[in-house]
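The chain contents come next:
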Amino acid sequence: MRTPMIAGNWKMNKTEAEALNLIRVLMQWVRSYSGVEVLICPPFTSLSTLNKLLVSSPILLGAQNISDQPPGAFTGEISATMAAEFCTHVILGHSERRAYYGEENVLINRKLKAAISADLIPVLCVGEVLTEREAGKADHVVSHQLQEALGGIHLEDPTKMIIAYEPVWAIGTGRSASPEEISDLIARVIRPTLSGLWGEGISQGIRVLYGGSVNSKNAGGFFNTAEIDGALVGGASLTAEKFLGIIEKTQKI
Ligand code: PEP
């Protein structure tokens, strides 16, 4: 019922020339896969160029962040409507923005509302840090992040919202949660929280991705579980071979 998605978050990597080189390889191969959506989130500086190149490609484009404010005097920021000229999705609430730029759920909530008003599909990242996990608070943290970030948002179409469960201790560390642990948290915490916000039907239609040190070797294990609808990939999205190796794993489910 939910189409799997593999999303690549390039973070602060790739000049425009490097971005073009990588996307040209991905474009050649992505057409050969079926039943999976592929989303690439490059830095803002490459969005316009990649958007032109991808015009007849199934690869989707997303931004990695947007401002919570409408266009105006906000030096250094990019508004939702400006991003929406070039892409269809936006990553919000990534743990790096929470940790390094002090983004809290209240701000993320405003960014989500700005994204939805501009017809951007948010990929909302949630996840606990290691100390929270060790203290047995992962369920509470994830549920609280979802409720605060999504509060006051009306959603009728579940395909217009994507959740990425990314335990912070698994991002870029080579450590990942087990498919069973992730599935369990999605079923016990994420879907019931989404159901509380928008009802069971909508909750069941929202894709929940896993993120945290996904690679072509461990990806199959994640995609074979009913609750995990794909992956948000950081490091392994920076080379075509590694990223395609992950997409490939969706074909054998
Ligand atoms: C991420 O930054 O969202 C991420 C999952 O990174 P990595 O795949 O490198 O752990």
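S.K.: Honestly, helix H7 (residues 138-150) in this entry has me stumped. Any pointers?
M.R.: Look at H7: 18 Å from first C-alpha to last across 13 residues, which is about the 18 Å you get at 1.5 Å a residue. Looking at the buried residues of H7, the elements they touch are helix H4 (95-100), helix H5 (105-117), strand E5 (121-126), helix H6 (130-134), strand E6 (162-165) and helix H8 (179-198). At the C-terminal side of H7, Gly 152 shows a positive phi close to 75°.

S.K.: Just checking my understanding: could you explain the nonpolar core for this structure?
M.R.: One finds Leu 26, Leu 150, Ile 163 and Ile 190 to be the most contacted residues of the largest nonpolar core, which totals 69 residues. It is H8 that contributes the most residues to this core, seven residues altogether. Ignoring any residue separated from it by four or fewer positions in sequence, one finds Leu 150 in contact with Asn 109, Leu 112, Leu 124, Met 161, Ile 163, Leu 194, Leu 197 and Trp 198. Membership of the second largest hydrophobic core comes to twelve residues, among which are Met 5, Ala 7, Ile 121 and Val 123.

S.K.: Would you mind going over the sheet that holds E5 with me for this structure?
M.R.: The strands making up a sheet associate through hydrogen bonds between their backbones, and the pairing can be parallel or antiparallel. One closed barrel holds the eight strands; their spatial order is E1-E2-E3-E4-E5-E6-E7-E8, and the pairing between them is parallel. The average angle at which neighbouring strand axes cross in this sheet is 25°, direction not considered. Bridge count for strand E2 (residues 37-41) against strand E3 (residues 60-63) is two bridges, and the pairing is parallel. Counterpart to Leu 39 in the pairing with E3 is Leu 60. Packing of H5 onto the sheet brings it into contact with strand E4 (89-92) and E5, and relative to E5 it is tilted by some 160°. Most of the contacts of helix H11 (residues 240-249) go to strand E1 (residues 5-9), to which it runs at about 160°, and overall it touches E1, E2 and strand E8 (230-233).

S.K.: Please clarify how the pairing of E8 should be interpreted in this entry.
M.R.: Regular strands place their side chains on alternate faces of the sheet. Covered by surrounding structure in E8 are Gly 230 and Leu 232 together with Ala 231 and Val 233, the residues of both alternating faces. As paired elements, E1 and E8 share four bridges and run parallel to each other. Residue pairing for E8: Gly 8 is matched across the bridge by Val 233. Relative to E8, strand E7 (residues 207-211) runs parallel, the two sharing two bridges.

S.K.: Where do I start with the packing of aromatic side chains in this structure?
M.R.: Where two aromatic rings form a pair, the distance of their centres and the angle of their planes describe that pair. Under the counting rule described, the total for this entry stands at one aromatic pair. Ring geometry for Tyr 210 against Phe 222: centres 4.7 Å apart, planes inclined by 35°, an arrangement best described as tilted. Placement of Tyr 210 in strand E7 and of Phe 222 in helix H10 (residues 219-223) is noted, with a sequence separation of twelve residues between them. Owing to a relative accessible area of 1%, Tyr 210 belongs among the buried residues under this scheme. Across from the ring centre of Tyr 101, 4.4 Å away, lies the NZ or CZ of Arg 97, which sits over that ring.

Each value, and the rule that gives it
Sequence order as written defines residue numbering, which begins from 1 separately in each chain. For a predicted model such as this one, the threshold for reporting local features is a pLDDT of at least 70, and the threshold for listing and counting side-chain atom pairs is 80 or more; totals across whole chains, interfaces and linings nevertheless cover every residue. With hydrogens and water set aside, each side-chain value is computed from the structure's full complement of heavy atoms. Each helix is a run of DSSP H or I of at least 4 residues and each strand a run of E of at least 2, with the numbering of both proceeding from the N terminus. A helix is expected to span 1.5 Å for every residue after the first. Only heavy atoms enter the contact rule, under which two residues are in contact if any of them lie within 4.5 Å. Residue types Ala, Val, Leu, Ile, Met, Phe, Trp, Tyr and Cys, when buried and joined through side-chain atoms within 4.5 Å, form a set referred to as a nonpolar core. Partly exposed residues are those whose accessible area sits between 20% and 50% of the maximum for their type, while under 20% is buried and over 50% is exposed, using a 1.4 Å probe and protein chains only. Paired strands, as defined in this entry, are two strands with at least two bridges between them according to DSSP. Structural elements are reduced to axes, namely lines fitted to C-alpha atoms, with helices fitted over the stretch in contact, and the angle between N-to-C directions of any two is expressed from 0 to 180 degrees. Side-chain rings of Phe, Tyr and Trp (the six-membered ring for Trp) are treated as a pair once their centres are within 6.5 Å; stacked means planes under 30 degrees apart, edge-to-face means over 60, and tilted covers the remaining angles. The rule is short: NZ of Lys or CZ of Arg within 6 Å of the ring centre and within 35 degrees of the ring normal puts a charge over the ring.

No statement about biological role is implied by the geometric values presented.
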